[in-house]
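If you want the building blocks of each chain, they are given just below.
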Amino acid sequence: MTRPDAAGKLRGAVTFGTDLERPGMLWGALVPSPAAAGRLRAVDLGPARRTPGVVAAIGAEELRQLLPSALGRERPLFPVEEVAYRGQPVAAVAASTRAAARAAARAARVTIEERRPVADVEDRYPEWPGPGAASDPGVIAHVRAGHGNVASAFARATLVHSETYRTSGVCQVALEPHACVAEVSDGVWRVTSSTQTPFGVRDDTAEILGLPAETIVVDGTWVGGGFGGKGAAFLEPYALALARASGRPVELALSYREEFRLGRSTLAAVIRLDTAVIDRTIVGRRVRLLLDTGSSLPGRDFATGYSIGFLVGPYRCGAVEVEGFGVRTNKPPFGPHRAPFAPQCVFALESHLDGLARRLGVDPLEFRLAHVWREGDETFLGQKVGPFGGERALRAAAERARAWRPSVAEGHGLGAALGFWSTGTGAGGEVRLRLDGRALRLEQVEREIGSGSVIAGLTAVAARATGLPARLVRLVASDTATAPVDSGVFGSRTVAALGRAIVQANEKLLATLARRAGGGPVRLEEGADGIDVVGPAGRRPVAELLTPEERDGGGLVAEGRHYGNAPPIDPSRVEDGTFYPYTDFTASVDLAEVEVDPETGSVRVVRAAAFQDVGAVISEPLVRAQVEGGFVMGLGEALTEETLWSPDATLLNPSLLDYRIPTLLDVPPLEITLLEGAPGAGPFGAKGVGEPPILAVPAAVANAVADATGRRVRDLPLTPERVSRALIRP
Amino acid sequence: MPLTLERPDGVDAAIAALLSAPDAVPIAGGTDLLLDLEAGRVRSEHLVSLAGLPWARVERTGEGWSIGSTAPLRRVERSEGLAADHPGFVEAVRSVGSAALRHRATLGGNLGRASPASDLLPILLALDADVTLVGPAGPRRAKLDELLRGSRDLALGRGELIEGVALPPRAPSAYAWQRVRPANDISQVGVAIARPPGADRWAVALGGVLPRPCRVPAAEEALTAPTPSEEEVRRAARIASTAARFASDRRATAEYRRRLVDVLLRRALARASGGARP
Ligand SMILES: Cc1cc2nc3c(=O)[nH]c(=O)nc-3n(C[C@H](O)[C@H](O)[C@H](O)COP(=O)(O)OP(=O)(O)OC[C@H]3O[C@@H](n4cnc5c(N)ncnc54)[C@H](O)[C@@H]3O)c2cc1C
């Protein structure tokens, strides 16, 4: 398949965020807090203003004059009293060049009465939080739920398997840093941004600046990778405030170091798992989670309540009790990263189950097969499990493992793991189809972020729904003032949710055409001269069925919308906090063979296989690319990627040299198997595949290391030093 | 900050350019320097490119091998006959960064940066390499060990440039390293060993130690036999892993580094001497 965006990207012709230009444009820069915690005493912008080329410099004080509506917000643009993390923007400047803006930002003098920061969840809670901790000021989210008699399950158990796992922070590492350009004129606050969520940015920006959402217009541009890092407002409100202060368009873009330091990424966690077994059957599970949520605000955490379900997993496990704390630390706010915090949970649970199976003397895959969800089972929150490919994916992996086993060399090991996911169609969206005699226009707000889900995926759905060749489908993306509303390109939802909206819009379009053609059902076909409507009354060009207004204007219009409906969770099982229901049930299994250096602890993945439950394939090359990409990202989380923080909450490795994503040399041959047949929430029964392929990779690699060495590494990532420590552990 | 780049086409012109501004610095491949400039670790507005100098050679001479300072590492590692004569040196060169990086990165730049984690300094120390230099006072020759003052600190005079490195005709040698990620990462520890012609013992040098890569004479004393015994190797490894100063930093703990020295020295010796591998 040739991707429609390939040629432009290869030629360097597409416009990413940092390529945006406007006549008279200034460059912005952010003034970072020099401390991770403390009371903000003074922000002296005098030296910044005196830097040559500077046009505007604003802090909380200036904002009071400029934009009083931005004051007293829950999420202030600039901190007024306390700084929450090192690098937090305390002011912003705009200057004629990027270098001048940066020099001015450096020149600003920020005085902070420093306090010892909380750098780690275990700083705050060296012991498990006691009763009443849910209302600690350091806790921004608390979730607790369960069902069945856990105490009795553990009392009756013939074996209890208890472990603690620790996971590290990971960054999205999109090639393109965050960037946007803002313009303010005639009461319209307009920002063009490299974003995964134009409407989300609009609403967030409105909230932060205290402006009505309709006065803010967000337009997207080509996004050089998002992976969750480019949802929600980030630079946009600063750029708009600077544009307002300077009266000129302002471009604001992060350097790559800032990308690491200020970006919203996944942070560290401590996970405790206890599983009660009678003979070979799981009868109870206790889950304890301490998740570092950085300086996220209360109510702005979804990770704790969403991810904790992945620690119960897609298994029948009897009585269940889960409790999780989102813990506030002096780091940037927690942010989503491809399947937010789920690969870390899957790592803990699947390592735990693997070890438990070995203790029981059962084959780990057989042990999973004995417990894995079947359709009609219940989640621990009482949701009915829909079509789920877990069993098939596990069986396929078990068969492959049997085929590989005889050729697994001395010092090597094989490991597998199962992850599960739910397509994010609970976040809804709308599209508009516009049919004239020659083409079908598909109008919506999202821009291509690299996966192909917008530029190729939505087009493929429209082509398949209408029956027209893809070249007659014109994808049109416009801004939030003109396009139908949508939640964004995230959560594996784009093709699924907008695809369902496209299918619905197409049905409306055909219904109108059927009426006008004198009866249905009708379908669209490419004719001798444009698009024809074919039905019981024969074949007629579309143009003949349009009203004069439609012919002269924009064609026949139909809108479609999809707001996914998840089967409800049982509220009686929830004690505290917010949990999220699943809209469908997607399985992803990885099998990996590793070679472990017994002396240095180095791990090399020598071959791997991915078994992906996809519901239905809409575009095979796009799906395979997601599985490959997810695998490689998962490999980084498994072996090398982690943010390292000093005790004073400074990020120690804000560079691509020391934050190590995999290189091509680290990527083994990968066999990909796509499993259809267990339909999901998307059009034609498709399931979202953006996130699931990453889920089980760290766990599969860790299980392979355990297989090779007989030792379990309970800290992610499995760096050589950690593995070597496990190997010499008495 | 405006940057000027001069590209002199002769050695005298290059030295003159370096003397013409107090902040002038030479730039070879720029793989280190550009990052140092961006991060503010080096401040300069006057870069003097060495690309026009006739120092990109890699050749056999009457004395041994002569490797020019501006030869890209990729060319060095592909030089006919070098790997057979100096297997450890070529192992070290091939370990640097990635193939793409080595197309730009040079030997002179690696020496000029004098990083404690350099992969080339240990093997050059073990080979007891001579560095040839040229400056306002003319050419001179010095032992690398004497030039290397400390972390990122090479004893060069003002306006002085590294011309190249002289290696013996051949020497059994090996270089073993450890990184979190094999490519484009900094070695946590590097262990080089070599037995130059006429030497009465194996030379052992370590990288990833503070303040600079260094020889470990105490370990060398245990390694006089051309093929050391298991016991000798074990003793040398034990001495080497306690002799030097190891850092605990974001890349590794000192404890792990010590453990690695032990492992890597045994491996390097096994490769170079064909001997025992306890
Ligand atoms: C991604 C990445 C991975 C890397 N991996 C490794 C690795 O694995 N192992 C390793 O050892 N290094 C590594 N490096 C460091 C570096 O690339 C090498 O050390 C390289 O050899 C430097 O050469 P250069 O020509 O690019 O030097 P430059 O950047 O041009 O110069 C470096 C310094 O030396 C000075 N200099 C250059 N030439 C001369 C000369 N002839 N005389 C006097 N001074 C001179 C310059 O003024 C400057 O101070 C890596 C760097 C990067 C960016």
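Computed from a predicted model, the values in this text were never measured in an experiment. (Residues numbered from 1 in each chain as written. Chains lettered and ligands numbered in written order. Predicted model: local features only at pLDDT ≥ 70, side-chain atom pairs only at ≥ 80, totals over all residues. Heavy atoms only, no water.)

1. So, the overall build of chain A
Line of reasoning, step 1. For chain A, the count of helices and strands is 20 helices and 27 strands.
Line of reasoning, step 2. Relative to the compact-globule value of 27 Å for 730 residues, chain A shows a C-alpha radius of gyration of 27 Å, a close match.
Line of reasoning, step 3. Within the span of chain A, comprising 730 residues, buried residues form 62% of the whole.
Line of reasoning, step 4. In chain A, of all internal contacts separated by at least 6 residues, the share reaching a separation of at least 24 is 81%.
Line of reasoning, step 5. When the accessible surface of chain A is split by element, carbon and sulfur atoms take 51% of a total near 26400 Å².
Line of reasoning, step 6. The positive charge centre, built from 80 side chains, and the negative charge centre, built from 86, are 0 Å apart in chain A. (Helix = DSSP H or I, 4+ residues; strand = E, 2+ residues; numbered from the N terminus. Rg over C-alpha atoms; globule rule 2.2 N^0.38 Å. Buried < 20%, exposed > 50% of the residue type's maximum accessible area, 1.4 Å probe, protein only. Contact = heavy atoms within 4.5 Å. Areas by Shrake-Rupley, 256 points an atom, 1.4 Å probe, with all protein chains shown as cover. Lys, Arg positive; Asp, Glu negative; His and termini not counted. Charge placed at Lys NZ, Arg CZ, Asp CG, Glu CD.)

2. Structural notes on unusual backbone geometry
Line of reasoning, step 1. Cis geometry marks the peptide bond from A:Leu716 to A:Pro717; its omega dihedral reads 0°.
Line of reasoning, step 2. The topology assignment puts A:Pro717 in the loop between α19 (697-709) and α20 (720-728).
Line of reasoning, step 3. With an omega dihedral of -5°, the bond running from B:Leu210 to B:Pro211 counts as a cis peptide bond.
Line of reasoning, step 4. Secondary-structure assignment places B:Pro211 in the loop between β14 (209-210) and β15 (214-215).
Line of reasoning, step 5. Positive phi, normally seen in glycine, also occurs at A:Ala339, with a value near 60°.

3. Section: the site of the ligand
All names here are of chain B.
Line of reasoning, step 1. In the vicinity of the ligand there are 31 residues, among which Pro26, Thr31, Leu33, Thr106 and Asp119 approach most closely.
Line of reasoning, step 2. A distance of 2.9 Å separates an oxygen atom of the ligand from a polar backbone atom of Gly97.
Line of reasoning, step 3. Secondary structure elements with two or more residues in the shell around the ligand: β2 (25-27), α2 (33-39), α7 (107-113) and β10 (161-167).
Line of reasoning, step 4. Here the shell around the ligand gets five residues from one element, more than from any other, and that element is α7.
Line of reasoning, step 5. Here the shell around the ligand is built from residues that sort into 13 nonpolar, 13 polar and five charged. (Near = heavy atom within 4 Å. Polar contact = N/O pair within 3.5 Å; in protein donor to acceptor, adjacent residues only side chain to side chain. Nonpolar A, V, L, I, M, F, W, Y, C, P; charged D, E, K, R; others polar.)

4. Comments concerning the interface of chain B and chain A
A common measure of how large an interface is: the accessible area buried when the components associate.
Line of reasoning, step 1. Contacts between the two partners involve 20 residues from chain B and, on the opposite side, 21 residues from chain A.
Line of reasoning, step 2. With both sides pooled, the region where chain B packs onto chain A buries about 1900 Å², and carbon together with sulfur makes up 49% of that total.
Line of reasoning, step 3. On the chain B side of the contact with chain A, B:Val180, B:Arg181 and B:Arg250 bury the most area, a combined 33% of that side's loss.
Line of reasoning, step 4. The interface formed by chain B and chain A contains six salt bridges.
Line of reasoning, step 5. When the shortest N-O distance is used, the salt bridge between B:Arg267 and A:Glu599 registers 2.8 Å.
Line of reasoning, step 6. Linking chain B with chain A are eleven residue pairs in polar contact (both at pLDDT 80 or more), by the criterion used here.
Line of reasoning, step 7. The dominant element in the side of chain B that touches chain A, judged by the number of residues it contributes, is helix α12 (residues 254-273) of chain B, at six residues.
Line of reasoning, step 8. Considered class by class, the residues forming the side of chain B that touches chain A number eight nonpolar, three polar and nine charged. (Buried area = accessible area lost by both parts, 1.4 Å probe. Salt bridge = Lys/Arg side-chain N within 4 Å of Asp/Glu carboxyl O.)

5. Looking at the pairing of strand β26 (residues 603-615) of chain A
Regular strands place their side chains on alternate faces of the sheet.
Residue and element names in this part refer to chain A.
Line of reasoning, step 1. Across the 13 residues that make up β26, a large majority, eleven, are buried.
Line of reasoning, step 2. Taken together, the nine bridges between strand β25 (residues 586-596) and β26 define a ladder with antiparallel strand orientation. Counterpart to Glu595 in the pairing with β26 is Arg604.
Line of reasoning, step 3. Pairing geometry for β26 and strand β27 (residues 670-676), over seven bridges, is parallel. Across the sheet, the residue bridging to Ala609 is Glu671, located in β27.
Line of reasoning, step 4. Handedness of the β26-helix α18 (residues 620-639)-β27 crossover: right-handed. (Pairing = 2+ DSSP bridges. Right-handed = clockwise from strand over helix to strand, strands pointing away.)

6. Here we look at the sheet that holds strand β18 (residues 440-444) of chain A
All names here are of chain A.
Line of reasoning, step 1. The mixed open sheet is built from four strands, whose spatial order is β19-β18-β17-β23. Each edge of the sheet is formed by a strand with only one pairing partner; in this case those strands are β19 (473-477) and β23 (556-562). Going from strand to strand, the sheet's axes swing by 25° on average, the running direction of each strand aside.
Line of reasoning, step 2. Sheet analysis places strand β17 (residues 429-435) next to β18, joined by four bridges and oriented antiparallel. Residue pairing for β18: Leu435 is matched across the bridge by Leu440.
Line of reasoning, step 3. Against the sheet, helix α14 (residues 453-466) engages β18 and β19, with an angle of about 135° to β19.
Line of reasoning, step 4. The strands that helix α15 (residues 494-517) touches are β17, β18 and β23; relative to β23, the one it contacts most, it runs at about 145°. (Axes fitted to C-alpha atoms, helices over the stretch in contact; angles between N-to-C directions.)

7. Some points on the sheet that holds strand β4 (residues 58-60) of chain B
Residue and element names in this part refer to chain B.
Line of reasoning, step 1. Strand order across the open sheet formed by five strands is β4-β5-β10-β6-β7, with antiparallel pairing between neighbours. The two strands at the open ends of the sheet, each matched to only one other strand, are β4 and β7 (138-143). Averaged over all pairs of adjacent strands, the angle between strand axes in this sheet comes to 20°, irrespective of strand direction.
Line of reasoning, step 2. Bridging between β4 and strand β5 (residues 65-68) involves three bridges; their strand directions are antiparallel. Residue pairing across strands places Arg60 opposite Trp65, the latter belonging to β5.

8. With respect to the pattern of salt bridges
For side chains of opposite charge, pairing can occur when their charged atoms come near one another.
Residues and elements named next belong to chain A.
Line of reasoning, step 1. Taken as a whole and assessed by the stated rule, the structure comprises 90 salt bridges over all chains.
Line of reasoning, step 2. For Glu321, the salt bridge goes to Arg286, with nearest N and O atoms at 3.8 Å. Here Arg286 lies in strand β14 (residues 281-292) and Glu321 lies in strand β15 (residues 319-327), a separation of 35 residues in the sequence.
Line of reasoning, step 3. Among the residues examined, Glu321 registers a relative accessible area of 18% and is labelled buried.
Line of reasoning, step 4. Residue classification places Arg286 among the partly exposed residues on the basis of a relative accessible area of 23%.
Line of reasoning, step 5. The partner of Arg395 in a salt bridge is Glu391, with the nearest N and O atoms 3.0 Å apart. Here Arg395 pairs with Glu391, and both are found in helix α13 (residues 390-404), just four residues apart, close to one helical turn.
Line of reasoning, step 6. The class for Glu391 is partly exposed, based on a relative accessible area of 25%.
Line of reasoning, step 7. One salt-bridge network, in which partners are shared between bridges, spans Glu350, Asp354, Arg358, Arg368, Arg405, Asp707 and Arg712.

9. Quick notes on the state of the cysteines
All names here are of chain A.
Line of reasoning, step 1. With the rule as written, the count across this model stands at zero disulfides over all chains.
Line of reasoning, step 2. Unpaired in this structure, Cys180 has its nearest cysteine sulfur neighbour in Cys171, at a distance of 20 Å.
Line of reasoning, step 3. Classification of Cys180 by relative accessible area gives buried; the value is 1%. (Disulfide = S-S within 2.5 Å.)

10. Examining the domain arrangement of chain A
Residues and elements named next belong to chain A.
Line of reasoning, step 1. What the domain assignment lists for chain A is domain 1 (6-116 + 178-253), domain 2 (342-424 + 571-728) and domain 3 (429-562).
Line of reasoning, step 2. A straight line from the C-alpha centre of domain 2 to that of domain 3 covers 37 Å.
Line of reasoning, step 3. The partner domain 3 presents 17 residues to the 16 residues of domain 2 that form the contact.
Line of reasoning, step 4. Roughly 1200 Å² is buried in total at the junction of domain 2 and domain 3, and carbon and sulfur atoms are behind 64% of that figure.
Line of reasoning, step 5. Applying the counting rule to domain 2 against domain 3 returns zero salt bridges.
Line of reasoning, step 6. Taken together, the connections running from domain 2 to domain 3 amount to five residue pairs in polar contact (both at pLDDT 80 or more). (Domains from an automatic or database assignment.)

11. A few points about the packing of aromatic side chains
Two aromatic rings are characterised by how far apart their centres lie and by the angle between their planes.
All names here are of chain A.
Line of reasoning, step 1. Under the defined criterion, the tally for this structure stands at 18 aromatic pairs over all chains.
Line of reasoning, step 2. Ring geometry for Tyr306 versus Phe310: centroids 5.5 Å apart, planes at 85°, classification edge-to-face. Like Tyr306, the residue Phe310 is buried in the burial classification.
Line of reasoning, step 3. An aromatic cluster of at least three residues, connected via ring pairs, comprises Phe302, Tyr306, Phe310, Trp373, Phe388, Phe420, Trp421, Tyr580, Tyr582 and Phe585.
Line of reasoning, step 4. Of note, Arg493 hangs over the ring of Phe490, and the distance from its end group to the ring centre comes to 6.0 Å.
Line of reasoning, step 5. Stacked on the ring of Trp404, the Lys or Arg Arg607 has its end atom at 4.4 Å from the ring centre. (Phe/Tyr/Trp six-rings, centres within 6.5 Å; stacked < 30°, edge-to-face > 60°. Lys NZ or Arg CZ within 6 Å of the ring centre and 35° of its normal.)

12. Examining the side chain of A:Ser451
Line of reasoning, step 1. Within the fold, A:Ser451 resides in the loop between β18 and α14.
Line of reasoning, step 2. For A:Ser451, the side chain forms a polar contact with the main-chain nitrogen of A:Ser453, separated by 3.1 Å.

13. What to know about the nonpolar core
Line of reasoning, step 1. Of all hydrophobic cores here, the largest spans 94 residues; its most connected members are A:Leu311, A:Val322, A:Val701 and A:Leu718.
Line of reasoning, step 2. Not counting residues within four places of it along the chain, the set of residues in contact with A:Val701 comprises A:Ala592, A:Val594, A:Val603, A:Val605, A:Leu635, A:Ala638 and A:Leu639. (Core = buried A, V, L, I, M, F, W, Y, C linked by side-chain atoms within 4.5 Å.)

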